[in-house]
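A look at the structure
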Amino acid sequence: MRSKQVRFETVAEPVDPPEPRRSHYGVLAAIAAGGAIGTGARYGAALLWPTAAGSFPWTTFCVNVVGCLLIGVLLVVLTEVWTAPAWVRPFLATGVLGGFTTFSTYCLDIERLVSGGRVGPALGYLAATLLAALAAVVTGAWATRRLLVRRMR
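So, here's what we can say about the structure. (Residues numbered from 1 in each chain as written. Predicted model: local features only at pLDDT ≥ 70, side-chain atom pairs only at ≥ 80, totals over all residues. Heavy atoms only, no water.)

1. What about the pattern of salt bridges?
Rules: A pair is scored as a salt bridge if a Lys or Arg side-chain nitrogen falls within 4 Å of a carboxyl oxygen belonging to Asp or Glu. Starting at the N terminus, helices and strands are each numbered in turn, a helix being any DSSP run of H or I of at least four residues and a strand any DSSP run of E of at least two. Exposure categories follow from relative accessible area, calculated using a 1.4 Å probe and restricted to protein chains: below 20% of the type maximum is buried, above 50% is exposed, and the middle band is partly exposed.
On inspection of all chains with the given rule, the structure shows one salt bridge. In this structure, the salt-bridge partner of Arg 145 is Glu 80, at a minimum N-O distance of 2.6 Å. Taken together, the positions of Arg 145 in helix 5 (residues 119-152) and Glu 80 in helix 2 (residues 58-81) put the pair 65 residues apart, joining distant regions of the chain. Assessed through its relative accessible area of 39%, Arg 145 is described here as partly exposed.

As structure tokens, this is what we get:
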């Protein structure tokens, strides 16, 4: 005995792709404005504290660690203390601090050290930046929470 197969066909209605909401444009503008500020600050740091070719990239290291410390502080304030307007977090965290910190320069610095035959400092920089950046975020968040608890007493 053979079983009958039932076949269902459906015709899909064409669906227009969703349009971006107007609020997205404002957030994108906030990120772009913040990024201009952050990258300008990073460029200024590089001008004030230039790194000689082949030497340990202290400027990039410090910029990334300070940026991570500030993001730890900022995210505690924005998530636990202050109900900020929707554009503040993208402007400050993604824009300003995202533009200020620089993963691309970090990678380029490592490549330059390796190409210059300085593998040991390159590996040290690789590990030190990762550990210092993570410690900075944790320290920034911890210190901000401690400060807020003291202030509330």
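Right, picking up where we left off after that structure.
2. Focus on a nonpolar patch on the surface
Rule in force here: In this analysis, a patch consists of residues with relative accessible area above 30% that form no salt bridge, clustered at 9 Å for like charges and at 5 Å for the nonpolar side chains Val, Leu, Ile, Met, Phe, Trp and Tyr. Here the accessible surface of atoms and residues is derived via Shrake-Rupley with a 1.4 Å probe, and residues count as covered only by protein chains that are part of the display.
A contiguous nonpolar patch, built from Val 114, Val 119, Leu 123 and Leu 126 and spanning about 330 Å² of accessible area, is present on the exposed surface. Here the nonpolar patch takes three residues from helix 5, the largest share from any one element. By secondary structure assignment, the location of Leu 123 is in helix 5.

3. Quick word on the nonpolar core
Rules: Definition used in this section: a nonpolar core is a set of buried Ala, Val, Leu, Ile, Met, Phe, Trp, Tyr and Cys residues joined via side-chain atoms within 4.5 Å. The contact criterion used is simple: two residues touch if any of their non-hydrogen atoms lie within 4.5 Å.
Grouped together as the largest cluster of nonpolar side chains are 10 residues: Phe 61, Val 65, Cys 68, Tyr 106, Ile 110, Leu 113, Ala 122, Tyr 125, Ala 133 and Ala 136. Mapped by element, the contributors of at least two residues to this core are helix 2, helix 4 (103-115) and helix 5. Of all the elements, helix 5 adds the most residues to this core, at four residues. Ignoring sequence-local partners within four residues, the contact set of Leu 113 consists of Gly 54, Ser 55, Pro 57, Arg 118, Val 119, Pro 121, Ala 122 and Tyr 125. Counting residues in hydrophobic clusters, the runner-up holds five residues, among them Leu 74, Leu 78, Val 88 and Ala 93.

4. Concerning helix 2
Heads up, the condition is: Each helix should span, by expectation, one fewer than its residue count multiplied by 1.5 Å.
The terminal C-alpha atoms of helix 2, which comprises 24 residues, lie 33 Å apart, in line with the 34 Å expected from a rise of 1.5 Å per residue. Within helix 2, the full set of buried residues consists of Thr 59, Thr 60, Phe 61, Val 63, Asn 64, Val 65, Gly 67, Cys 68, Gly 72, Leu 74, Val 76 and Leu 78.

5. Considerations on the packing of helix 2 against helix 5
Quick note on the threshold: Axis definition: a line fitted to C-alpha atoms, over the contacting stretch in the case of helices. Angles run 0 to 180 degrees between N-to-C directions. Angle categories are assigned with fixed cut-offs, so that under 35 degrees is roughly parallel, over 145 is roughly antiparallel, 65 to 115 is roughly perpendicular, and the rest are oblique. Helix crossings are classified by the rotation of the near helix relative to the far one: an anticlockwise turn of less than a right angle makes the crossing left-handed, while a clockwise turn makes it right-handed. Polarity classes work like this: nonpolar for Ala, Val, Leu, Ile, Met, Phe, Trp, Tyr, Cys and Pro, charged for Asp, Glu, Lys and Arg, and polar for all others, with Gly in that last group.
It is the contact of helix 2 with helix 5, at a shortest axis distance of 7 Å, that shows an interaxial angle of 30 degrees. With respect to each other, helix 2 and helix 5 are oriented roughly parallel. In the crossing of helix 2 with helix 5, the sense of the turn from one axis to the other is right-handed. Looking at the contact of helix 2 with helix 5 residue by residue, the classes come out as 17 nonpolar, seven polar and two charged.

None of this, on its own, says anything about what the molecule does.
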